[in-house]
Amino acid sequence: MDQNSLQNDVIDVCLRRGIVFPTAEIYNSYAGFYEYGPVGVKLRENLMVLWQQTFINSEDNVHEISGSTIMPEAVFDASGHLDGFHDPLTQCNKCNSMFRIDHLIEELGLEILDENSFNEQLKNNEIICPNCPGVLSEPRNFNMMFKTNVGPLEGNTGYLRPETAQNIFINFRRIAHSMRASLPFGVAQIGRAYRNEISPRNFLMRLREFEQLELEMFVDPDEINNHPNWVEVENIEINLLTRQNQLKNEKPIKITIKEAFDTKLIPNQYIGYYLALETMFMESIGISNNLFHFRELKENEVAHYSSANYDLEIVFPFGVFEVIGLAYRTDYDLKKHSEKSGAKLQINQPGKGNIVPHVIEPSAGLSRLIYAVMLSSYVYGEPNSDRDWNWFNFTGAMAPWEAAILPLMKKDGMSEGAKELYWQLKDYGLEVIYDESGKIGKRYARNDEIGVKYCITYDYDSLEKDLITIRDRDTMHQVQIKIDLLPDLIRQLILDILTWSDLENEFGRFK
Ligand code: GAP
């Protein structure tokens, strides 16, 4: 299959079916802003819940907050974003188009050297404007934060946060005190972040406004190789692309978390623990281990606050995309904010007094993950077969709706019966959608297309014998069961307590 057409087909279905679409379309909006429509919101919610389950609810020492997105300049002065959060910009002297130099270099298949060499690389490789024969200017740094003025008086400079993490650092003392937290403990946040990207591109991959799912895990540095749940994750296998592998142009190695730690390929147990949790989370959203690897960032790629980074990258035939970052931020942020604000961002550690904890940070991007889930779940139908339409084979936990309730026809009380069933399933806590317009085959196709897991048809057997038909999206097989069994069976299917073949074995395939 042509991979460009995969991207185009996924974007097309996103627009047609109201999954995701550009902001302010009717006014020709800026690039890099997208809205989630009714179907997209369901995917977004599911992804957030799965992330919360893995990174917050499965632990007893992680707390969640929700902070402001605009903060005073002092926050970003201390965090280093004012000075260090920039991209290298060049401009064409003819058409005035602006480009990120590292992207131009990358697109030509050249190795990206450090930022001091960009000018040389432009000149030596005779790189000109991609849009016209114009000459490109010397690089200059472009700070990616959106600046604003807070209130009517000029001079109150605020910035839209470029990462959610900063709220967590500046609120460290309050959260630690209010939750009577002791090390190790984590603070998580899901929220919007803003970056004035020079060239937003690749649909949902590089946006100017996006959501992050971040966790800052605060640890006593002397205990960083003593994760309390280490034995639960040490045998999990990951694909690791070390700096050495990258130098030699090698593929990622398959290695257990324990082996990676024992051979010092990762700096500490907490990094290992979160590599494992990220792997488990990816599997929960339907992206299996063989589709991604963890790349250790090279020295010149590591952010100003970090001493080690492992990016979870998905390798698509049309490019490699980082969807989750994992950074060892050390005590950088708490120290900087303590210095600049005068607040003591420390915690009492028994036997040691007040210490500044170290931070391990898994940081995921929601839109990138949703795009990755859609790209890896898109299945093409076979022309002239029983199914000639395309569909998403989302997992039960990711599917926008668990089931669609379809009256076979609108007449003879089938609409009313199906609607009653719809409310009954909703009251039971299932995510269901009601659909009665058009022929039944068209409705199957319509619901498959957006990845609804089951179609439930209310027909004459429902009216006369209390029987209902469930159709499985992936096999298109059906079973017929008593209506009163339906809510619990759907729940068991969605939670993977029961498989579709279990159901067929018990009730027989219905034709
Ligand atoms: N607090 C750490 C941090 O912000 P990052 O690697 O810059 O680290 C974390 O960002 C994640 O946020 C990335 O892995 C990516 O999924 C997402 N992200 C970053 N920039 C983005 C953008 N312009 N558009 C969409 N997602 C983005």
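Coordinates for the structure precede this section.
Figured I'd write up the structure that's included with this text. Just so it is clear, the structure is predicted and the values come from calculations on it, not from any experiment.

1. A few points about the packing of aromatic side chains
Alright, step 1. If you walk through the whole model with that rule in mind, you get 20 aromatic pairs.
Alright, step 2. Three or more aromatic residues link up through ring pairs in this structure, and these residues are Trp51, Phe55, Tyr273, Tyr274 and Phe281.
Alright, step 3. Across from the ring centre of Tyr305, 3.5 Å away, lies the NZ or CZ of Arg329, which sits over that ring.

2. Remarks on the pattern of salt bridges
Alright, step 1. Taken as a whole and judged by the stated rule, the model has 32 salt bridges.
Alright, step 2. Residue Arg295 pairs with Glu301 through a salt bridge whose shortest N-O separation is 2.9 Å.
Alright, step 3. A relative accessible area of 13% places Arg295 in the buried class.
Alright, step 4. Taken together, the shared-partner salt bridges connect Asp87, Arg100, Asp102, Glu197 and Arg206 into one network.

3. What about the sheet that holds strand E4 (residues 70-72)?
Alright, step 1. Spatial ordering of the open sheet is given by E4-E9-E8, a layout of three strands whose pairing is antiparallel. Each of the sheet's edge strands pairs with one partner strand only, and the pair in question is E4 and strand E8 (147-149). Direction aside, neighbouring strands of the sheet carry axes that sit 40 degrees apart on average.
Alright, step 2. Judged from the three bridges that link them, E8 and strand E9 (residues 157-160) form a sheet pairing that is antiparallel. For Lys147, the partnering residue across the bridge sits in E9 and is Tyr159.

4. Points about the packing of helix H2 (residues 38-57) against helix H14 (residues 366-377)
Alright, step 1. One way to put it is that H2 packs onto H14 with a least axis distance of 10 Å and a crossing angle of 105 degrees. It follows from the interaxial angle that H2 and H14 lie roughly perpendicular. Here Leu43, Arg44, Leu47 and Met48 of H2 lie close against H14, whose contacting residues are Leu366, Leu369, Ile370 and Met374.

5. What about empty space enclosed by the protein?
Alright, step 1. The tally for this structure, following the rule as stated, stands at one cavity of 30 Å³ or more.
Alright, step 2. Here the largest cavity defines a volume of roughly 70 Å³.
Alright, step 3. Lining the largest cavity are Val20, Tyr34, Tyr36, Arg192, Leu204, Leu207, Glu209, Phe210, Glu211 and Ser367.
Alright, step 4. At the level of secondary structure, the elements contributing two or more residues to the lining of the largest cavity comprise strand E2 (34-36) and strand E11 (209-219).
Alright, step 5. Counting residues per element, the lining of the largest cavity draws most heavily on E11, at three residues.
Alright, step 6. In terms of residue class, the lining of the largest cavity is made up of six nonpolar, one polar and three charged.

6. Section: the site of the ligand
Alright, step 1. Of all residues adjacent to the ligand, which total 20 residues, the nearest are Glu163, Arg195, Leu207, Glu214 and Glu322.
Alright, step 2. With respect to the ligand, the side chain of Arg195 contributes an N or O atom lying 2.8 Å from an oxygen atom.
Alright, step 3. Within the side chain of Glu214, an N or O atom sits 2.4 Å from a nitrogen atom of the ligand.
Alright, step 4. Looking at the shell around the ligand, the element that brings in the most residues is strand E16 (residues 319-330), giving five residues.
Alright, step 5. Residue composition of the shell around the ligand, grouped by class: six nonpolar, five polar and nine charged.

7. Section: the pairing of E9
Alright, step 1. Where E4 lies against E9, three bridges are found, and the strand directions are antiparallel. Residue pairing for E9: Met71 is matched across the bridge by Tyr159.

8. Some thoughts on the state of the cysteines
Alright, step 1. Applying the stated rule across the entire model yields zero disulfides.
Alright, step 2. Summary of cysteine pairing: Cys95 is not part of a disulfide, and the nearest cysteine sulfur, belonging to Cys92, is at 3.7 Å.

9. So, helix H15 (residues 414-427)
Helical geometry: 3.6 residues make up each α-helical turn, so side chains three or four residues apart lie on a common side.
Alright, step 1. Its 14 residues give H15 an end-to-end C-alpha distance of 20 Å, which sits within 8% of 20 Å, the value for a rise of 1.5 Å per residue.
Alright, step 2. Of the residues trailing H15, Gly429 is marked for its positive phi of about 100 degrees.

10. Here's the deal with the pairing of strand E14 (residues 292-296)
Alright, step 1. Among the five residues of E14, five are classified as buried, and the element is accordingly described as predominantly covered.
Alright, step 2. Two strands pair when backbone bridges link them, and strand E12 (residues 237-241) and E14 are joined in this way by two bridges, in the parallel orientation. Residue Leu240 lies in a different strand from E14, and its bridge partner there is Phe294.
Alright, step 3. As judged from the five bridges shared by E14 and strand E15 (residues 308-316), these two strands associate in the antiparallel manner. Within the sheet, the bridge partner assigned to His293 lies in E15 and is Glu313.

11. Focus on the nonpolar core
In globular proteins that are soluble, nonpolar side chains generally tend to be buried together.
Alright, step 1. Residues Trp51, Tyr274, Phe281, Met282, Ile285 and Met374 are the most contacted members of the largest nonpolar core, which totals 80 residues.
Alright, step 2. At nine residues, the largest contribution of residues to this core is made by helix H12 (residues 269-284).
Alright, step 3. Sequence-distant contacts of Phe281, defined by excluding residues within four places in its chain, comprise Leu47, Leu50, Trp51, Thr54, Phe55, Ile324 and Leu369.
Alright, step 4. Among the nonpolar cores identified, the runner-up in size contains 26 residues, and Ile483, Ile490, Leu493 and Leu503 belong to it.

12. Section: the environment of Leu47
Alright, step 1. Tracing the chain through its elements places Leu47 in helix H2.
Alright, step 2. Among the residues examined, Leu47 registers a relative accessible area of 0% and is labelled buried.
Alright, step 3. Residues Leu47 and Val323, spaced 276 residues apart in sequence, show a C-alpha to C-alpha distance of 13 Å.
Alright, step 4. If sequence neighbours within four positions are ignored, Leu47 has contacts with Leu213, Phe281, Ile285, Leu366, Leu369, Ile370 and Met398.

The rules behind these values
- Residues numbered from 1 in each chain as written.
- Predicted model: local features only at pLDDT ≥ 70, side-chain atom pairs only at ≥ 80, totals over all residues.
- Heavy atoms only, no water.
- Phe/Tyr/Trp six-rings, centres within 6.5 Å; stacked < 30°, edge-to-face > 60°.
- Lys NZ or Arg CZ within 6 Å of the ring centre and 35° of its normal.
- Salt bridge = Lys/Arg side-chain N within 4 Å of Asp/Glu carboxyl O.
- Buried < 20%, exposed > 50% of the residue type's maximum accessible area, 1.4 Å probe, protein only.
- Pairing = 2+ DSSP bridges.
- Helix = DSSP H or I, 4+ residues; strand = E, 2+ residues; numbered from the N terminus.
- Axes fitted to C-alpha atoms, helices over the stretch in contact; angles between N-to-C directions.
- Parallel < 35°, antiparallel > 145°, perpendicular 65-115°, else oblique.
- Contact = heavy atoms within 4.5 Å.
- 1 Å grid on protein atoms, 1.4 Å probe; cavity = no way out; pocket = protein on both sides within 12 Å on 5 of 7 lines; lining within 4 Å.
- Points joined across faces, edges and corners; volume = space filled by probe spheres on them.
- Nonpolar A, V, L, I, M, F, W, Y, C, P; charged D, E, K, R; others polar.
- Near = heavy atom within 4 Å.
- Polar contact = N/O pair within 3.5 Å; in protein donor to acceptor, adjacent residues only side chain to side chain.
- Disulfide = S-S within 2.5 Å.
- Expected span 1.5 Å × (residues − 1).
- Core = buried A, V, L, I, M, F, W, Y, C linked by side-chain atoms within 4.5 Å.

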